[in-house]
Amino acid sequence: DVERAHIDACTYIGPGGLRFAERLAALGGRVRVPTTTNSCSVDLKRWRELDVPPSLGEPATRLAEAYVRLGCEPSFTCAPYLRADAPREGAQLGYSESNAVVY
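Analysis parameters
- Residues numbered from 1 in each chain as written.
- Predicted model: local features only at pLDDT ≥ 70, side-chain atom pairs only at ≥ 80, totals over all residues.
- Heavy atoms only, no water.
- Helix = DSSP H or I, 4+ residues; strand = E, 2+ residues; numbered from the N terminus.
- Expected span 1.5 Å × (residues − 1).
- Buried < 20%, exposed > 50% of the residue type's maximum accessible area, 1.4 Å probe, protein only.
- Contact = heavy atoms within 4.5 Å.
- Axes fitted to C-alpha atoms, helices over the stretch in contact; angles between N-to-C directions.
- Left-handed = near helix turned anticlockwise from the far one by under 90°.
- Nonpolar A, V, L, I, M, F, W, Y, C, P; charged D, E, K, R; others polar.
- Arc of directions from axis to C-beta.

Peer 1: Outline helix H2 (residues 54-69), listing residues and values.
Peer 2: Taking 1.5 Å of rise per residue, 16 residues should cover 22 Å, and H2 covers 22 Å from first to last C-alpha, within 8% of that figure. Taken as a whole, H2 has its buried residues at Gly57, Pro59, Ala60, Thr61, Leu63, Ala64, Ala66 and Tyr67. Looking at the buried side of H2, the elements it contacts are strand E1 (4-7), helix H1 (15-26) and strand E2 (35-37). Looking one or two residues past H2, glycine 71 carries a phi angle of roughly 100°, positive in sign.

Printed below as a string of C-alpha cells:
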C-alpha cells in the first residue's frame with residue numbers, strides 16, 4: 001500500500017489546475033495518506049511585498065490553500081525527502097516529483 005504521497009500540482013500554471021483542486025476541496029475531498037506539497041508559484045506570505053502581480057499571486061495562493069484544505073501538509077518543497085519525517089527505506093510512495101529519489 002502507498003504510505004505517503006507528494007503533490008506536484010501546487011505550481012499555478014493556469015485556471016484548470018486551480019479549478020480542479022478547488023472542486024475537489026468543495027466536494028469534501030481529503031487525502032488518504034500523509035501528503036506533502038511541491039513548491040508553490042509565489043511566496044505565500046510576501047508576494048505582494050515582492051511586487052508579484054495579483055493575476056499570479058491570488059490564484060497561486062488559492063491553489064495552495066485548496067491543497068491544504070484537502071489535508072495536504074503545507075510543506076511547499078520539491079525535496080520532501082529532506083524533511084525530518086523522511087520516508088523509511090522500502091516505503092511505497094506516490095511521489096510526482098522529478099527529483100524524488102530517496103534511497
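Peer 1: Please give an account of the packing of H1 against H2 that cites residues and values.
Peer 2: Helices that pack against each other are described as a pair by the angle of their axes relative to one another and the distance between those axes. Running from N to C, H1 and H2 cross one another at 35°; their axes reach a closest spacing of 9 Å. Crossing of H1 against H2: the hand is left-handed. Only Pro59, Arg62, Leu63, Ala66, Tyr67 and Arg69 of H2 make contact with H1, whose side of the interface consists of Gly17, Leu18, Phe20, Ala21, Glu22 and Ala25. Considering only residue class, the contact of H1 with H2 consists of eight nonpolar, one polar and three charged.

Peer 1: Break down the environment of tryptophan 47 for me, with residues and values.
Peer 2: Examined against the element boundaries, tryptophan 47 turns out to sit in the loop between E2 and H2. Along the primary structure tryptophan 47 and threonine 61 are separated by 14 residues, whereas in three dimensions their C-alpha atoms are 9.3 Å apart. Here tryptophan 47 is in contact with Val42, Val52, Pro53, Pro54, Gly57, Glu58 and Thr61, once residues within four sequence places are set aside.

Peer 1: Help me get a handle on H1, residues and values and all.
Peer 2: Given a rise of 1.5 Å per residue, 12 residues ought to cover 16 Å, and the 16 Å separating the end C-alpha atoms of H1 matches this to within 8%. Within H1, burial applies to Leu18, Ala21 and Ala25. Seen from one end, H1 has its buried residues packed into an arc of 75°, which puts them on one side. Turned more than 90 degrees away from the buried face of H1 sit Arg19, Arg23 and Ala26, all of them exposed. Check the buried side of H1 and you find it contacts H2. Phi for glycine 28, located one or two positions after H1, is positive at around 85°.

Coordinates in, geometry out; function isn't part of it.
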